[in-house]
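Observations on the model geometry
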Amino acid sequence: MKKEKILIMGAGGQIGVELAMALRKLYGTDNVIATDIREAHPLLDGAGPYYILDAMDANSTLDIIKKEGITQIYLLAALLSATGEKNPKGAWDINMRSLLQVLDLGVEQKLTKIYWPSSIAVFGPTTPKSQTPQKTVVEPRTVYGVSKYAGELWCQYYNQRWGLDVRSIRYPGLISWKSEPGGGTTDYAVDIYHKALEEGKYTCFLSEDTYLPMMYMDDAIRGTIELMEAPVEMMKSRMAYNLSAMSFSPKEIAASIQKHIPDFTIDYAPDFRQAIADGWPQSIDDTAAREDWGWKHEYDLDKMTADMLKHLKEKKQPV
Ligand code: AKB
């Protein structure tokens, strides 16, 4: 078993729950300390070390680092795109303050590695929409995107100035059945599966032809761990890596679900999230991640739909 002591901040969120479980398999339960501002998610409750921690509380974070002998931090706490637009200053504060504090703690405490997620939200309406390159025009129009892009630059700065090994991925929309999303524009692509099974119909808050880059959580977790495990000389970019798996529209995900639930229906009532989605890329070029550290996705839309429906069915009607 590998000798690292990992602190996850924001472990109760959509990525955090599954990442905590995967890292515990790899590093040992007691070597992965899960924390969140909320009570433990049911999948983490009683499953290993857990602290209630506000990611903006630098003193308490330092206490845990010292007490537990932490060597790596995964900082996942954040407000996402839709919630961020309702509370722009709050989103900036949470997303930036927590990052800068963790970067400082990383330098002061000589941590070996830090992981911090970025997003396709760094891109904006002036970015090429199709096969968006790793390096391109970047003019985000949401506060979430602005905070992610500023954060990427800070990560690069701390790496160049202090030698801190910070790694990052620009996640597309993530689809998962174990943990719930919250506050994102791509969340419809999770809700739709729940509603298909529960009600046989779904009203989508994006229009039918809104294409967005998406990824199944299994791929995202594997990719994150592969990035963190890759030898340092493979890290040619210290900005976050583009990562791609699939792109689809609400109409296409509905058609994929109809292959399993033929009576499923969808209608559309676009709200304020449509403008956010319209400013984002439709597909992503992730050549740099594939060439630098060997990223490869496994799930396409139909493979993901089959897996989502199978697991959600079991979860909703335990045998
Ligand atoms: C969101 O929709 O805000 C997130 C993201 C793409 O980063 N899922």
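In this text the structure is predicted, and so the values were computed from the model without any measurement.

**Points about the sheet that holds strand β5 (residues 113–115)**
- Taking strand neighbours across the sheet as the criterion, the six strands line up as β3-β2-β1-β4-β5-β7 in an open arrangement whose pairing is parallel. Single-partner strands in this sheet number two, and they are β3 (50–52) and β7 (166–167).
- Pairing between strand β1 (residues 6–9) and strand β4 (residues 72–75): four bridges, direction parallel. Pairing of M9 across the sheet is with L75, part of β4.
- Of the strands in this sheet, β1, β2 (32–36), β3 and β4 touch helix α2 (residues 58–68), which is tilted by about 155 degrees from β1.
- Each of β1, β4, β5 and β7 is contacted by helix α4 (residues 88–108), which is oriented at about 175 degrees to β4, the strand it contacts most.

**Topic: the site of the ligand**
- Taken together, L80, S81, S119, I120, Y144, G184, T185, T186 and W280 make up all the residues around the ligand.
- The separation between an oxygen atom of the ligand and a polar side-chain atom of Y144 is 2.8 Å.
- Here an oxygen atom of the ligand sits 2.7 Å away from a polar atom, N or O, in the main chain of T185.
- Starting from 250 Å² of accessible surface for the ligand in isolation, the protein chains cover 93%.
- Considered class by class, the residues forming the shell around the ligand number four nonpolar, five polar and no charged.
- Both of domain 1 (6–172 + 215–242) and domain 2 (174–214 + 246–282 + 299–316) provide at least three residues apiece to the shell around the ligand.

**Description of the sheet that holds strand β8 (residues 169–171)**
- An order of β6-β8-β12 is seen for the three strands of this open sheet, with the pairing classed as parallel. With partners counted over all chains shown, the strands left at the sheet margins are β6 (118–119) and β12 (241–242), one partner each.
- Note: β6 against β8, two bridges, orientation parallel. Bridge assignment links S118 to a residue of β8, and that residue is R170.
- Lying over the sheet, helix α7 (residues 217–229) contacts β8 and β12, oriented at roughly 170 degrees with respect to β8.

**Topic: the domain arrangement of the chain**
- Splitting the chain by domain gives domain 1 (6–172 + 215–242) and domain 2 (174–214 + 246–282 + 299–316).
- Taking only C-alpha atoms, the centre of domain 1 and the centre of domain 2 are 25 Å apart.
- Of the residues lining the interface, 30 residues belong to domain 1; the matching set on domain 2 comes to 28 residues.
- Summed over the three residues of domain 1 that lose the most area to domain 2, namely Q14, K129 and Y216, the buried surface amounts to 31% of that side.
- Joining domain 1 to domain 2, the criterion identifies one salt bridge.
- For E18, the salt bridge goes to K178, with nearest N and O atoms at 3.9 Å.

Analysis parameters
Residues numbered from 1 in each chain as written. Predicted model: local features only at pLDDT ≥ 70, side-chain atom pairs only at ≥ 80, totals over all residues. Heavy atoms only, no water. Pairing = 2+ DSSP bridges. Helix = DSSP H or I, 4+ residues; strand = E, 2+ residues; numbered from the N terminus. Contact = heavy atoms within 4.5 Å. Axes fitted to C-alpha atoms, helices over the stretch in contact; angles between N-to-C directions. Near = heavy atom within 4 Å. Polar contact = N/O pair within 3.5 Å; in protein donor to acceptor, adjacent residues only side chain to side chain. Areas by Shrake-Rupley, 256 points an atom, 1.4 Å probe, with all protein chains shown as cover. Nonpolar A, V, L, I, M, F, W, Y, C, P; charged D, E, K, R; others polar. Domains from an automatic or database assignment. Buried area = accessible area lost by both parts, 1.4 Å probe. Salt bridge = Lys/Arg side-chain N within 4 Å of Asp/Glu carboxyl O.

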